[in-house]
Amino acid sequence: ENKLENLQPFDVLLDQLTKEPEINDFYTSCGTSCFFGEEITFFWDIKHFTKVFFNGVPIATNTKTLKITLNATSSQQYILEVVNGQKVTKKTLKVNVFEKPIIKFSSSSNKLRKGKNEEIELKWEVKHAYQIKLLCKNKPLDKIILITDSLSAKGLIVIKKTSNTMKLRLALYYLKC
């Protein structure tokens, strides 16, 4: 490519190089919280720049996204820096990194039979979760019912047959972490 053909008049170049670089948006595919080892994509919308740096490393100026795999075990800050002539604009984005929850969830049975006095034990053990909720999804009504939202990391709950359990026909119990 002949660079002489792409030259612009001095006043146009001067106007371009004196504009303040802008970072209109800088965000990730996972918001501000991601799991360790997860691949995330950084996105940005920038204007009036001649150079772009991500965490101090120069990247191609036509790049609008960057995919990385998180290997950090704790929160990390990422810096997008755009340069235009002598002017610099930076934006910092903090990403909280969490270990993936490990969930063990089981039941003593999967049925309550009509006419029988039965109960089901739901047991769980969860690691690396900051909140644990037990929910029930009633199939015929497709309604989600919160059983409790402050469970400990390890526990047991007993579901007993009542006249209401027979009306549910099918209910799915699950943990949300």
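Residues numbered from 1 in each chain as written. Predicted model: local features only at pLDDT ≥ 70, side-chain atom pairs only at ≥ 80, totals over all residues. Heavy atoms only, no water.

A. Highlighting the state of the cysteines. Under the definition given, this model contains 1 disulfide. Here Cys30 is linked by a disulfide to Cys34, with a sulfur-sulfur distance of 1.6 Å. (Disulfide = S-S within 2.5 Å.)

B. Spatial organisation of the packing of aromatic side chains. Per the stated rule, a full pass over the model turns up 8 aromatic pairs. A ring pair is formed by Trp44 and Phe54, whose centres lie 6.3 Å apart and whose planes are at 25°; its orientation type is stacked. Here Trp44 is found in strand E3 (residues 39–47), whereas its partner Phe54 is found in strand E4 (residues 51–54), with 10 residues between them in sequence. An identical accessibility class is assigned to Trp44 and Phe54; each is buried. Consider the rings of Phe54 and Tyr78, whose centres lie 5.9 Å apart with planes at 20°: the pair is stacked. (Phe/Tyr/Trp six-rings, centres within 6.5 Å; stacked < 30°, edge-to-face > 60°. Helix = DSSP H or I, 4+ residues; strand = E, 2+ residues; numbered from the N terminus. Buried < 20%, exposed > 50% of the residue type's maximum accessible area, 1.4 Å probe, protein only.)

C. Inspection of unusual backbone geometry at higher detail. You will see that His48, though not glycine, has its phi angle at about 55°, which is positive. A positive phi angle is found at Asn55, which is not glycine, with a value near 50°. Structurally, the position occupied by Asn55 is in the loop between E4 and strand E5 (57–59). Note on Asn55: relative accessible area 35%, which makes it partly exposed.

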